[in-house]
Amino acid sequence: MILPLIISFIIFATVIIVNIGSPFFKIFGDYEADIKYIISTITIFIFPVTPIIYGWIVKDKIGTIIVGTVPIFISLFFGNLFFGNLIYNNGFSISRFFTILLYAVSLATLGGLAGYFSSKKEFKYLIISIFFGVLWISVFLSGIG
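Read on for a plain summary of the structure.

Conventions adopted
- Residues numbered from 1 in each chain as written.
- Predicted model: local features only at pLDDT ≥ 70, side-chain atom pairs only at ≥ 80, totals over all residues.
- Heavy atoms only, no water.
- Helix = DSSP H or I, 4+ residues; strand = E, 2+ residues; numbered from the N terminus.
- Buried < 20%, exposed > 50% of the residue type's maximum accessible area, 1.4 Å probe, protein only.
- Contact = heavy atoms within 4.5 Å.
- Areas by Shrake-Rupley, 256 points an atom, 1.4 Å probe, with all protein chains shown as cover.
- Axes fitted to C-alpha atoms, helices over the stretch in contact; angles between N-to-C directions.
- Parallel < 35°, antiparallel > 145°, perpendicular 65-115°, else oblique.
- Left-handed = near helix turned anticlockwise from the far one by under 90°.
- Nonpolar A, V, L, I, M, F, W, Y, C, P; charged D, E, K, R; others polar.
- Phe/Tyr/Trp six-rings, centres within 6.5 Å; stacked < 30°, edge-to-face > 60°.
- Lys NZ or Arg CZ within 6 Å of the ring centre and 35° of its normal.

Next up on the list: the overall build of the chain. When helices and strands are tallied, the chain shows six helices and two strands. For the chain, the residues scored as buried account for 38% of the 145 residues in total. Across the chain, contacts joining residues at least 24 apart in sequence account for 69% of those joining residues at least 6 apart. Here the chain has roughly 8500 Å² of accessible surface; of this, 75% comes from carbon and sulfur atoms.

See the structure below:
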């Protein structure tokens, strides 16, 4: 159980360090900002890919669920709490909290399912796992904004 938690922390730390601030703002014409934008966008895809790879290699069903759920859940709440999206106009917004919670649970569920199916280490389950990974990306992109 320690290895999945360590991997979850590494995913969380990597994404937070690379994406400190707002990863989706691009300053046109500034080469350094363009590179940071590309790198930060690529690091977002660590979330759905890592449980698939971890599950395929290690075959630990519970561990892959942890690797697929914990980092995204922690990252969304950390980012929203500390970067001000959870609190509006100097007050806590319960509707915003539930929106973030639903979004985080959706992504965590898809990441956990991707990891779970890849841990079965059969090609047909790998295809299902990749489907959940692609679905994760589409849900993630639908929640930006």
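Next up on the list: the packing of helix α3 (residues 46-58) against helix α5 (residues 94-118). Contact pair α3 / α5: the axes reach a minimum separation of 7 Å and the direction vectors enclose 25 degrees. In terms of orientation, α3 and α5 fall into the roughly parallel class. Considering only the axes of α3 and α5, their crossing is right-handed. Judged by residue contacts, P51, I52, G55 and W56 of α3 engage G111, A114, G115 and S118 from α5. Among the residues making up the contact of α3 with α5, the classes are represented as four nonpolar, four polar and no charged.

Summed over the entire model, instances satisfying the criterion amount to six aromatic pairs. Aromatic side chains Y116 and F117 sit 5.4 Å apart centroid to centroid with 75 degrees between the ring planes, which places their arrangement in the edge-to-face category. The class of Y116 is partly exposed, set by a relative accessible area of 27%. One aromatic cluster is present, built from ring pairs that chain together Y116, F117, Y125, F131 and F132. It is K120 that lies over the ring of Y125; its NZ or CZ is 4.7 Å from the centre.

Before going further, it helps to examine the packing of α3 against helix α6 (residues 123-142). Put simply, α3 and α6 touch, their axes get as near as 9 Å, and they point 165 degrees apart. Relative to α6, the element α3 lies roughly antiparallel. For the crossing formed where α3 meets α6, the hand is right-handed. Contacts between α3 and α6 involve F47, P48, I52 and W56 on the former and, on the latter, F123, L126, S129, I130, G133, W136 and I137. Of the residues in the contact of α3 with α6, the class split is nine nonpolar, two polar and no charged.

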